[in-house]
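# Structure assessment
Residues per chain are reported as follows:
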Amino acid sequence: HPGNGKPPVKVTLKDLENESRFRRKKVSAVMQCTGNRREDFNKLVQVEGLTWLTGAISNAEWEGVALRDVLAYAGVDPELGARSEEEGGEYEMLHLQMEGDDRPKVGEWRDTKGFYGASVPLSWAQDPRRDCVVAFRMNGAPIPLDHGAPVRCVVPGTAGARCVKWLAK
């Protein structure tokens, strides 16, 4: 959704895979699951997800399209993030809010109305040096379901929680 009263723009997996619409991009990135050491957390309250000790860290080659290209296609001013960072500072800069198709569960409670979401500064999403990718392939194959298929937003240099799986918005 580009904001400023503009209608939402729908981009499908087929659109993302269309190389005449979007140029492909590959990025190798280390990702640490935010659930690393989840077993320790579960001693306080049971949370959903694999019961990790340590080791929920991996490296993969992600393939898809540059996030900044998708945002530009949707009509977001390519300089908006940088201007927001310069003018708004750390606490008032614009963020890109992402939503996944999963519904979080903690203990017996499952969020049936909301979604899992995370945000990153818009300036990061638009910065070509950050290599943010809307990925649909992982290590040369379609992304496996447990890693976020069909589409995951990969934001290198952040916790895995900022790399929203099952990206919907």
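Figured I'd write up the structure that's included with this text. As the structure is a computational prediction, the values presented were derived from the model and not from experiment.

### Quick word on the overall build of the protein
Within the protein, the secondary structure is distributed over five helices and nine strands. Shown N-terminal to C-terminal, the secondary structure of the protein runs as helices and strands in the order α-β-α-β-α-α-β-β-β-β-α-β-β-β. Of all 169 residues assigned to the protein, the portion counted as buried reaches 37%. In the protein, the share of contacts with a sequence separation of at least 24, taken over all contacts with a separation of at least 6, comes to 62%. By element, 52% of the accessible surface of the protein is carried by carbon and sulfur atoms, the whole surface being about 10300 Å².

### Some details on the packing of aromatic side chains
Throughout the structure, instances matching the rule amount to one aromatic pair. The side chain of R130 reaches across the aromatic face of W124, ending 4.0 Å from its centre.

### Overview of the environment of A72
In this structure, A72 sits in helix α3 (residues 67-73). Considered as a pair, A72 and Q126 are 54 residues apart in the sequence and their alpha carbons are 8.9 Å apart.

### Considerations on the pattern of salt bridges
Summed over the entire model, instances satisfying the criterion amount to eight salt bridges. When the shortest N-O distance is used, the salt bridge between R137 and E63 registers 3.8 Å. One end of the pair, R137, is in strand β7 (residues 133-138); the other, E63, is in strand β2 (residues 57-66), with 74 residues separating them in the sequence. Note that D127 is salt-bridged to R129, the shortest N-O span being 2.9 Å. With relative accessibility at 17%, the residue D127 sits in the buried group. Judged by its relative accessible area of 72%, R129 falls in the exposed class. Taken together, the salt bridges that share partners define one network made up of E19, R24, E63 and R137.

Calculation notes
- Residues numbered from 1 in each chain as written.
- Predicted model: local features only at pLDDT ≥ 70, side-chain atom pairs only at ≥ 80, totals over all residues.
- Heavy atoms only, no water.
- Helix = DSSP H or I, 4+ residues; strand = E, 2+ residues; numbered from the N terminus.
- Buried < 20%, exposed > 50% of the residue type's maximum accessible area, 1.4 Å probe, protein only.
- Contact = heavy atoms within 4.5 Å.
- Areas by Shrake-Rupley, 256 points an atom, 1.4 Å probe, with all protein chains shown as cover.
- Phe/Tyr/Trp six-rings, centres within 6.5 Å; stacked < 30°, edge-to-face > 60°.
- Lys NZ or Arg CZ within 6 Å of the ring centre and 35° of its normal.
- Salt bridge = Lys/Arg side-chain N within 4 Å of Asp/Glu carboxyl O.

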